[in-house]
Amino acid sequence: MTVEEVNNIPFFFIVGRGRSGTTLLQNVLDANDSVLLPLESFLIISLKNKFFNTKKWTEKKIDAFIAAVYKEPLFVAYWDISRESLRNYLQSLPKKELTFSLLCKEVYLQFPSVFPKKSIKIIGDKNPPYSLFMEELITVFPEAKFIHLLRDYRNQIVSARKHFTLQNVALLAYKWEIHNRAIDKQKQKNPSAFYTLKYEDFTADPEKYTREMCSFLGISYQAEMLQFHKKTTTYFETEKFGFDVIHPHLLEPIANKNTSAWQKEFTEKEKETIDYIAGDYAAKYGYPKTHPKKNIRLFCTLLYCQCQHQIDIRVTKMYYKLPFFIRDFFHLSSKKMYEWFGYINYYSKQIDKMKKAQKNKF
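Quick summary incoming for the structure in this document. As the structure is a prediction and not an experimental result, all values here were calculated from the model. (Residues numbered from 1 in each chain as written. Predicted model: local features only at pLDDT ≥ 70, side-chain atom pairs only at ≥ 80, totals over all residues. Heavy atoms only, no water.)

Applying the stated criterion to the full structure yields 18 salt bridges. One salt bridge connects Arg161 with Glu270, and the closest N-O pair in it is separated by 3.1 Å. One end of the pair, Arg161, is in helix α9 (residues 153-163); the other, Glu270, is in helix α15 (residues 268-283), with 109 residues separating them in the sequence. The two residues Arg161 and Glu270 agree in class, both being buried. With its nearest N and O atoms 3.7 Å apart, the salt bridge here joins Arg297 to Glu272. Of this pair, Arg297 sits in helix α16 (residues 296-319) while Glu272 sits in helix α15, and the two are 25 residues apart along the sequence. On the accessibility criterion, Arg297 (27% relative accessible area) is partly exposed. On the basis of relative accessibility, which here comes to 14%, the residue Glu272 falls in the buried class. (Salt bridge = Lys/Arg side-chain N within 4 Å of Asp/Glu carboxyl O. Helix = DSSP H or I, 4+ residues; strand = E, 2+ residues; numbered from the N terminus. Buried < 20%, exposed > 50% of the residue type's maximum accessible area, 1.4 Å probe, protein only.)

Laid out in C-alpha coordinates, this is it:
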(Lines give C-alpha, C1' and ligand atoms only; values in the text may rest on other atoms or scores of the structure.)
Protein backbone atom coordinates (compact mmCIF):
# COMPACT_ATOMS: atom_id res chain seq x y z
CA MET A 1 0.00 0.00 0.00
CA THR A 2 1.40 3.43 -0.92
CA VAL A 3 1.72 6.31 1.52
CA GLU A 4 -1.07 8.12 -0.32
CA GLU A 5 -3.36 5.09 -0.03
CA VAL A 6 -2.68 4.79 3.70
CA ASN A 7 -3.31 8.50 4.19
CA ASN A 8 -6.71 8.05 2.55
CA ILE A 9 -7.79 5.24 4.88
CA PRO A 10 -10.25 6.76 7.39
CA PHE A 11 -9.98 6.21 11.14
CA PHE A 12 -12.69 5.58 13.73
CA PHE A 13 -12.88 5.10 17.48
CA ILE A 14 -15.16 3.09 19.76
CA VAL A 15 -15.62 5.12 22.94
CA GLY A 16 -17.61 4.70 26.12
CA ARG A 17 -17.12 3.69 29.72
CA GLY A 18 -15.25 0.43 30.29
CA ARG A 19 -17.38 -2.70 30.81
CA SER A 20 -20.07 -1.29 28.51
CA GLY A 21 -19.54 -3.77 25.67
CA THR A 22 -16.80 -1.89 23.80
CA THR A 23 -14.67 -5.03 23.45
CA LEU A 24 -17.67 -6.91 22.07
CA LEU A 25 -18.11 -4.23 19.39
CA GLN A 26 -14.39 -4.30 18.69
CA ASN A 27 -14.55 -8.00 17.83
CA VAL A 28 -17.76 -7.70 15.81
CA LEU A 29 -16.30 -4.94 13.64
CA ASP A 30 -12.84 -6.49 13.35
CA ALA A 31 -14.52 -9.64 12.00
CA ASN A 32 -15.29 -7.61 8.84
CA ASP A 33 -12.57 -8.34 6.26
CA SER A 34 -12.25 -4.65 5.31
CA VAL A 35 -11.86 -3.37 8.89
CA LEU A 36 -8.73 -3.49 11.04
CA LEU A 37 -9.40 -2.92 14.72
CA PRO A 38 -6.47 -4.00 16.95
CA LEU A 39 -6.62 -4.97 20.58
CA GLU A 40 -6.74 -2.17 23.12
CA SER A 41 -3.66 0.03 23.45
CA PHE A 42 -2.99 3.63 24.51
CA LEU A 43 -0.59 4.14 21.62
CA ILE A 44 -1.88 7.39 20.09
CA ILE A 45 -2.11 9.39 23.31
CA SER A 46 1.10 7.86 24.63
CA LEU A 47 3.07 9.13 21.62
CA LYS A 48 1.20 12.30 20.64
CA ASN A 49 2.87 14.82 22.95
CA LYS A 50 6.38 13.92 21.77
CA PHE A 51 5.85 13.28 18.06
CA PHE A 52 2.72 15.03 16.76
CA ASN A 53 4.48 18.27 15.85
CA THR A 54 7.46 16.57 14.19
CA LYS A 55 7.98 18.11 10.76
CA LYS A 56 11.17 16.36 9.67
CA TRP A 57 11.28 12.57 10.02
CA THR A 58 14.83 11.25 9.90
CA GLU A 59 16.11 7.72 10.50
CA LYS A 60 17.03 8.75 14.03
CA LYS A 61 13.57 10.23 14.65
CA ILE A 62 11.84 7.10 13.36
CA ASP A 63 14.00 4.98 15.68
CA ALA A 64 12.93 7.19 18.58
CA PHE A 65 9.30 6.76 17.52
CA ILE A 66 9.69 2.96 17.43
CA ALA A 67 11.39 2.95 20.84
CA ALA A 68 8.42 4.90 22.23
CA VAL A 69 5.95 2.47 20.62
CA TYR A 70 7.57 -0.38 22.52
CA LYS A 71 7.24 1.45 25.81
CA GLU A 72 3.44 1.19 25.61
CA PRO A 73 2.64 -1.82 27.88
CA LEU A 74 -0.55 -3.00 26.16
CA PHE A 75 1.06 -2.79 22.73
CA VAL A 76 3.97 -4.94 23.90
CA ALA A 77 1.69 -7.41 25.67
CA TYR A 78 -0.91 -7.98 22.98
CA TRP A 79 0.02 -6.71 19.51
CA ASP A 80 2.72 -9.31 18.81
CA ILE A 81 4.58 -7.25 16.21
CA SER A 82 8.29 -7.87 15.65
CA ARG A 83 10.27 -4.77 16.57
CA GLU A 84 12.84 -5.45 13.89
CA SER A 85 10.29 -5.99 11.13
CA LEU A 86 8.41 -2.85 12.18
CA ARG A 87 11.63 -0.85 12.15
CA ASN A 88 12.61 -2.13 8.71
CA TYR A 89 9.18 -1.30 7.34
CA LEU A 90 8.90 2.22 8.78
CA GLN A 91 12.45 3.07 7.76
CA SER A 92 11.63 2.06 4.18
CA LEU A 93 8.86 4.67 3.89
CA PRO A 94 9.56 7.96 2.05
CA LYS A 95 10.57 10.20 4.94
CA LYS A 96 9.50 13.46 3.31
CA GLU A 97 5.88 12.23 3.25
CA LEU A 98 5.70 11.06 6.86
CA THR A 99 3.49 12.55 9.56
CA PHE A 100 2.61 11.38 13.03
CA SER A 101 -0.91 10.43 11.90
CA LEU A 102 0.43 8.41 8.99
CA LEU A 103 2.96 6.55 11.15
CA CYS A 104 0.23 5.64 13.62
CA LYS A 105 -1.81 4.16 10.76
CA GLU A 106 1.22 2.28 9.46
CA VAL A 107 1.76 0.71 12.89
CA TYR A 108 -1.91 -0.25 13.14
CA LEU A 109 -1.77 -1.88 9.71
CA GLN A 110 0.89 -4.28 10.99
CA PHE A 111 -1.45 -5.74 13.62
CA PRO A 112 -1.95 -9.50 13.04
CA SER A 113 -5.72 -9.74 13.45
CA VAL A 114 -7.18 -13.17 14.14
CA PHE A 115 -9.81 -12.37 11.52
CA PRO A 116 -8.89 -12.74 7.80
CA LYS A 117 -8.50 -9.47 5.90
CA LYS A 118 -8.77 -8.44 2.27
CA SER A 119 -8.54 -4.75 1.37
CA ILE A 120 -8.53 -2.54 4.47
CA LYS A 121 -11.01 0.30 4.01
CA ILE A 122 -11.02 1.68 7.56
CA ILE A 123 -8.86 1.44 10.69
CA GLY A 124 -10.34 1.51 14.17
CA ASP A 125 -9.34 1.81 17.80
CA LYS A 126 -11.23 0.71 20.88
CA ASN A 127 -10.16 2.22 24.18
CA PRO A 128 -12.60 3.37 26.90
CA PRO A 129 -10.16 5.86 28.52
CA TYR A 130 -10.00 7.67 25.17
CA SER A 131 -13.41 9.10 26.11
CA LEU A 132 -11.48 11.64 28.20
CA PHE A 133 -9.00 12.40 25.41
CA MET A 134 -11.43 13.23 22.62
CA GLU A 135 -9.89 16.59 21.73
CA GLU A 136 -6.44 15.02 21.40
CA LEU A 137 -7.78 12.26 19.14
CA ILE A 138 -9.56 14.76 16.90
CA THR A 139 -6.36 16.80 16.68
CA VAL A 140 -4.52 13.74 15.31
CA PHE A 141 -7.40 12.51 13.11
CA PRO A 142 -9.70 15.50 12.35
CA GLU A 143 -11.96 13.46 10.06
CA ALA A 144 -12.34 10.52 12.45
CA LYS A 145 -15.70 8.95 13.21
CA PHE A 146 -16.82 7.78 16.65
CA ILE A 147 -19.10 5.01 17.85
CA HIS A 148 -20.42 5.95 21.29
CA LEU A 149 -21.54 2.89 23.23
CA LEU A 150 -23.59 3.26 26.41
CA ARG A 151 -24.75 0.67 28.89
CA ASP A 152 -27.19 0.92 31.80
CA TYR A 153 -25.05 2.56 34.50
CA ARG A 154 -26.17 0.07 37.14
CA ASN A 155 -25.20 -3.01 35.14
CA GLN A 156 -21.96 -1.32 34.12
CA ILE A 157 -21.12 -0.74 37.78
CA VAL A 158 -21.88 -4.38 38.63
CA SER A 159 -19.45 -5.50 35.93
CA ALA A 160 -16.84 -2.91 36.93
CA ARG A 161 -16.89 -4.02 40.58
CA LYS A 162 -16.47 -7.60 39.46
CA HIS A 163 -13.47 -6.93 37.22
CA PHE A 164 -11.81 -3.70 38.43
CA THR A 165 -10.06 -2.93 41.70
CA LEU A 166 -12.26 0.14 42.29
CA GLN A 167 -15.27 -0.91 44.39
CA ASN A 168 -16.74 2.45 45.44
CA VAL A 169 -20.14 2.65 43.71
CA ALA A 170 -20.28 6.43 44.05
CA LEU A 171 -17.01 6.89 42.16
CA LEU A 172 -18.00 4.27 39.60
CA ALA A 173 -21.31 6.04 38.97
CA TYR A 174 -19.58 9.41 38.65
CA LYS A 175 -16.97 8.02 36.24
CA TRP A 176 -19.75 6.47 34.11
CA GLU A 177 -21.41 9.88 33.80
CA ILE A 178 -18.20 11.87 33.23
CA HIS A 179 -16.97 9.57 30.46
CA ASN A 180 -20.26 9.78 28.62
CA ARG A 181 -20.61 13.52 29.16
CA ALA A 182 -17.14 14.05 27.69
CA ILE A 183 -18.24 12.19 24.56
CA ASP A 184 -21.49 14.17 24.39
CA LYS A 185 -19.50 17.42 24.54
CA GLN A 186 -17.66 16.52 21.34
CA LYS A 187 -20.81 15.07 19.80
CA GLN A 188 -22.54 18.43 20.09
CA LYS A 189 -19.71 20.07 18.10
CA ASN A 190 -19.92 17.59 15.21
CA PRO A 191 -23.00 15.31 15.44
CA SER A 192 -22.45 13.71 12.02
CA ALA A 193 -19.15 12.22 13.22
CA PHE A 194 -20.89 10.18 15.91
CA TYR A 195 -23.05 7.07 15.99
CA THR A 196 -24.68 6.44 19.38
CA LEU A 197 -25.64 2.92 20.43
CA LYS A 198 -27.02 1.40 23.61
CA TYR A 199 -25.60 -1.96 24.64
CA GLU A 200 -29.06 -3.28 25.47
CA ASP A 201 -30.37 -2.42 22.00
CA PHE A 202 -27.38 -4.01 20.32
CA THR A 203 -27.63 -7.32 22.17
CA ALA A 204 -31.39 -7.44 21.54
CA ASP A 205 -30.99 -7.05 17.76
CA PRO A 206 -27.29 -7.33 16.82
CA GLU A 207 -27.85 -7.66 13.07
CA LYS A 208 -29.89 -4.47 12.82
CA TYR A 209 -27.35 -2.36 14.68
CA THR A 210 -24.32 -3.97 13.07
CA ARG A 211 -25.79 -3.04 9.69
CA GLU A 212 -26.30 0.52 10.93
CA MET A 213 -22.70 0.73 12.16
CA CYS A 214 -21.43 -0.57 8.82
CA SER A 215 -23.47 2.07 7.00
CA PHE A 216 -22.11 4.76 9.31
CA LEU A 217 -18.52 3.62 8.69
CA GLY A 218 -19.01 3.25 4.94
CA ILE A 219 -18.36 -0.49 4.75
CA SER A 220 -20.44 -3.49 3.68
CA TYR A 221 -22.21 -5.64 6.26
CA GLN A 222 -20.96 -9.24 6.42
CA ALA A 223 -22.82 -12.06 8.17
CA GLU A 224 -19.48 -13.35 9.53
CA MET A 225 -19.34 -10.34 11.82
CA LEU A 226 -21.94 -11.87 14.12
CA GLN A 227 -20.05 -15.18 14.10
CA PHE A 228 -16.88 -13.64 15.52
CA HIS A 229 -16.90 -16.04 18.48
CA LYS A 230 -15.97 -18.94 16.20
CA LYS A 231 -12.56 -17.33 15.87
CA THR A 232 -12.20 -16.11 19.43
CA THR A 233 -12.95 -19.54 20.90
CA THR A 234 -10.02 -21.03 18.97
CA TYR A 235 -7.63 -18.16 19.62
CA PHE A 236 -8.21 -15.95 22.64
CA GLU A 237 -9.06 -18.86 24.91
CA THR A 238 -5.83 -20.70 24.17
CA GLU A 239 -3.42 -17.77 23.94
CA LYS A 240 -2.02 -15.41 26.57
CA PHE A 241 -4.83 -12.88 26.40
CA GLY A 242 -6.97 -14.23 29.24
CA PHE A 243 -10.19 -13.18 27.50
CA ASP A 244 -11.89 -16.24 28.97
CA VAL A 245 -11.43 -14.56 32.37
CA ILE A 246 -11.82 -10.85 31.60
CA HIS A 247 -14.23 -11.08 28.63
CA PRO A 248 -15.84 -14.54 28.70
CA HIS A 249 -18.76 -13.35 26.53
CA LEU A 250 -16.35 -13.01 23.60
CA LEU A 251 -16.17 -16.79 23.44
CA GLU A 252 -19.93 -17.12 22.97
CA PRO A 253 -22.65 -15.88 20.58
CA ILE A 254 -24.13 -12.47 21.41
CA ALA A 255 -26.74 -12.87 24.15
CA ASN A 256 -29.54 -10.56 25.27
CA LYS A 257 -29.06 -10.73 29.03
CA ASN A 258 -31.36 -9.67 31.84
CA THR A 259 -31.06 -5.89 32.05
CA SER A 260 -32.50 -5.73 35.58
CA ALA A 261 -29.97 -8.12 37.13
CA TRP A 262 -28.35 -5.19 38.93
CA GLN A 263 -31.25 -4.98 41.40
CA LYS A 264 -29.90 -7.92 43.39
CA GLU A 265 -26.34 -6.59 43.45
CA PHE A 266 -26.72 -3.39 45.50
CA THR A 267 -27.94 -2.41 48.93
CA GLU A 268 -30.69 0.19 49.15
CA LYS A 269 -28.12 2.75 50.25
CA GLU A 270 -25.96 1.98 47.21
CA LYS A 271 -28.95 2.29 44.87
CA GLU A 272 -29.75 5.71 46.32
CA THR A 273 -26.13 6.82 45.89
CA ILE A 274 -25.86 5.61 42.30
CA ASP A 275 -29.12 7.23 41.26
CA TYR A 276 -28.31 10.53 42.98
CA ILE A 277 -24.99 10.80 41.16
CA ALA A 278 -25.77 9.46 37.67
CA GLY A 279 -29.55 9.01 37.51
CA ASP A 280 -30.53 12.37 36.00
CA TYR A 281 -28.00 12.13 33.17
CA ALA A 282 -28.79 8.46 32.54
CA ALA A 283 -32.50 9.25 32.21
CA LYS A 284 -31.68 11.26 29.06
CA TYR A 285 -30.63 8.01 27.43
CA GLY A 286 -33.67 6.06 28.59
CA TYR A 287 -32.34 4.59 31.81
CA PRO A 288 -34.94 5.59 34.43
CA LYS A 289 -33.73 5.92 37.99
CA THR A 290 -35.62 4.07 40.71
CA HIS A 291 -34.35 5.77 43.88
CA PRO A 292 -34.76 9.57 43.48
CA LYS A 293 -33.66 10.39 47.03
CA LYS A 294 -31.77 13.53 48.13
CA ASN A 295 -30.02 14.32 51.41
CA ILE A 296 -26.83 15.85 52.79
CA ARG A 297 -24.99 12.53 52.75
CA LEU A 298 -25.57 12.12 49.04
CA PHE A 299 -24.58 15.72 48.36
CA CYS A 300 -21.29 15.29 50.24
CA THR A 301 -20.63 12.02 48.42
CA LEU A 302 -21.04 13.78 45.10
CA LEU A 303 -18.60 16.52 46.13
CA TYR A 304 -16.06 13.87 47.08
CA CYS A 305 -16.44 12.17 43.68
CA GLN A 306 -15.99 15.47 41.86
CA CYS A 307 -12.78 16.23 43.76
CA GLN A 308 -11.41 12.73 43.33
CA HIS A 309 -12.10 12.74 39.61
CA GLN A 310 -10.36 16.08 39.13
CA ILE A 311 -7.27 14.66 40.81
CA ASP A 312 -7.41 11.48 38.73
CA ILE A 313 -7.84 13.19 35.36
CA ARG A 314 -5.20 15.85 36.04
CA VAL A 315 -2.66 13.21 37.11
CA THR A 316 -3.49 11.06 34.07
CA LYS A 317 -3.19 13.89 31.56
CA MET A 318 -0.01 15.15 33.21
CA TYR A 319 1.49 11.65 32.99
CA TYR A 320 1.15 11.57 29.19
CA LYS A 321 2.89 14.95 28.93
CA LEU A 322 5.92 13.75 30.87
CA PRO A 323 9.18 12.63 29.21
CA PHE A 324 9.38 8.89 28.68
CA PHE A 325 12.14 8.31 31.23
CA ILE A 326 9.91 9.73 33.99
CA ARG A 327 6.97 7.64 32.76
CA ASP A 328 9.22 4.57 32.87
CA PHE A 329 10.01 5.32 36.51
CA PHE A 330 6.33 5.60 37.46
CA HIS A 331 5.44 2.46 35.49
CA LEU A 332 8.17 0.41 37.16
CA SER A 333 7.25 1.78 40.60
CA SER A 334 3.58 0.88 40.08
CA LYS A 335 4.51 -2.62 38.93
CA LYS A 336 6.74 -3.18 41.94
CA MET A 337 4.09 -1.85 44.34
CA TYR A 338 1.70 -4.45 43.00
CA GLU A 339 4.24 -7.28 43.06
CA TRP A 340 5.38 -6.48 46.60
CA PHE A 341 2.17 -5.29 48.27
CA GLY A 342 -0.70 -6.15 45.92
CA TYR A 343 -1.31 -2.42 45.54
CA ILE A 344 -3.11 -1.02 42.50
CA ASN A 345 -3.60 -2.88 39.27
CA TYR A 346 -6.50 -2.40 36.87
CA TYR A 347 -7.22 -6.09 36.37
CA SER A 348 -5.49 -7.42 39.48
CA LYS A 349 -8.10 -10.08 40.18
CA GLN A 350 -8.02 -11.36 36.64
CA ILE A 351 -4.21 -11.29 36.39
CA ASP A 352 -3.93 -13.32 39.59
CA LYS A 353 -6.45 -15.86 38.28
CA MET A 354 -4.61 -16.11 34.97
CA LYS A 355 -1.28 -16.68 36.73
CA LYS A 356 -2.77 -19.44 38.87
CA ALA A 357 -4.38 -21.05 35.83
CA GLN A 358 -1.06 -20.98 33.96
CA LYS A 359 0.75 -22.57 36.93
CA ASN A 360 -1.85 -25.35 37.09
CA LYS A 361 -1.22 -26.22 33.44
CA PHE A 362 2.41 -27.13 34.09
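The structure having been displayed, the exposition proceeds.
All right, on to the nonpolar core then. The biggest cluster of nonpolar side chains holds 79 residues, and the ones touching the most others in it are Phe13, Ile44, Leu47, Phe65, Trp79, Leu90 and Phe100. The element best represented in this core is helix α10 (residues 169-189), accounting for 9 residues. In contact with Ile44, not counting residues within four places along its chain, are Phe11, Phe13, Phe100, Cys104, Tyr108, Asp125, Tyr130, Leu137, Val140 and Phe141. Counting residues in hydrophobic clusters, the runner-up holds 29 residues, among them Leu29, Ile122, Tyr195 and Ile219. (Core = buried A, V, L, I, M, F, W, Y, C linked by side-chain atoms within 4.5 Å. Contact = heavy atoms within 4.5 Å.)

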